[in-house]
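Spelled out from the first residue to the last, the chains are:
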Amino acid sequence: QVQLVESGGGLVQPGGSLRLSCAASGSISRIYYMGWYRQAPGKQRELVVDMTSSGNTNYADSVKGRFTISRDNAKNTLYLQMNSLNPEDTAIYYCKAVVTTMLGATGDYWGQGTQVTVSS
């Protein structure tokens, strides 16, 4: 079994910053892909940014220049540094990983989400 646990969300004023973390644990043989997604009230879940195992990244246009993804492979942890936050960034942020387990099964795993609220 694989678990993803996000942390770092909260309430921040417009223009502020937050850093999200996503720690992967469990029966992990290899992580191929990790990414951050978000879902605002009444909207579909959307990609924020992702990163392949080779380090290639793909940012949504709405966050380019403001958000930065990084990964600590030794800790199986993904980070999202969010700067210049605005109210439109308010959403639940989810971490996703594509993992091959020790038993050789490959699948998609999601965290439980962390709330980010940008408001004055």
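Focus: the pairing of strand 7 (residues 67-72)
Phase 1: Both strand 7 and strand 8 (residues 77-82) contribute to a ladder of 6 bridges, which runs antiparallel. Bridging from a neighbouring strand, Ser70 pairs with Tyr79 of strand 8.

Some details on unusual backbone geometry
Phase 1: Phi at Asn76 takes a positive value of approximately 50°, unusual for a residue other than glycine.
Phase 2: The topology assignment puts Asn76 in the loop between strand 7 and strand 8.
Phase 3: Given a relative accessible area of 23%, Asn76 falls into the partly exposed group.
Phase 4: Unlike most non-glycine residues, Ser84 shows phi in positive territory, near 50°.
Phase 5: Mapped onto the secondary structure, Ser84 falls in the loop between strand 8 and strand 9 (91-101).
Phase 6: The class for Ser84 is partly exposed, based on a relative accessible area of 43%.

A few points about the sheet that holds strand 8
Phase 1: The antiparallel open sheet is built from 4 strands, whose spatial order is 1-3-8-7. Across the chains shown, the open sheet's two edge strands, defined by having one partner strand only, are strand 1 (2-7) and strand 7. Ignoring which end each strand starts from, the neighbouring axes of this sheet average 15° apart.

Details of the nonpolar core
Phase 1: With 31 residues, the main nonpolar core has Trp36, Val48, Phe67, Leu80, Met82 and Tyr93 as its most contacted residues.
Phase 2: The element best represented in this core is strand 9, accounting for 5 residues.
Phase 3: In contact with Val48, other than residues within four places in its own chain, are Trp36, Tyr37, Arg38, Asn58, Tyr59, Ala60, Val63, Phe67, Leu80 and Tyr93.

Overview of the state of the cysteines
Phase 1: A complete count under the given rule lists 1 disulfide for this structure.
Phase 2: Cys22 shares a disulfide with Cys95; S-S distance 2.1 Å. Here the disulfide of Cys22 and Cys95 is left-handed, its torsion about the S-S bond being about -80°. One end of the pair, Cys22, is in strand 3 (residues 18-26); the other, Cys95, is in strand 9, and 73 residues separate them in sequence.
Phase 3: For Cys22, a relative accessible area of 0% corresponds to the buried category.

Conventions and cut-offs
Residues numbered from 1 in each chain as written. Predicted model: local features only at pLDDT ≥ 70, side-chain atom pairs only at ≥ 80, totals over all residues. Heavy atoms only, no water. Pairing = 2+ DSSP bridges. Helix = DSSP H or I, 4+ residues; strand = E, 2+ residues; numbered from the N terminus. Buried < 20%, exposed > 50% of the residue type's maximum accessible area, 1.4 Å probe, protein only. Axes fitted to C-alpha atoms, helices over the stretch in contact; angles between N-to-C directions. Core = buried A, V, L, I, M, F, W, Y, C linked by side-chain atoms within 4.5 Å. Contact = heavy atoms within 4.5 Å. Disulfide = S-S within 2.5 Å.

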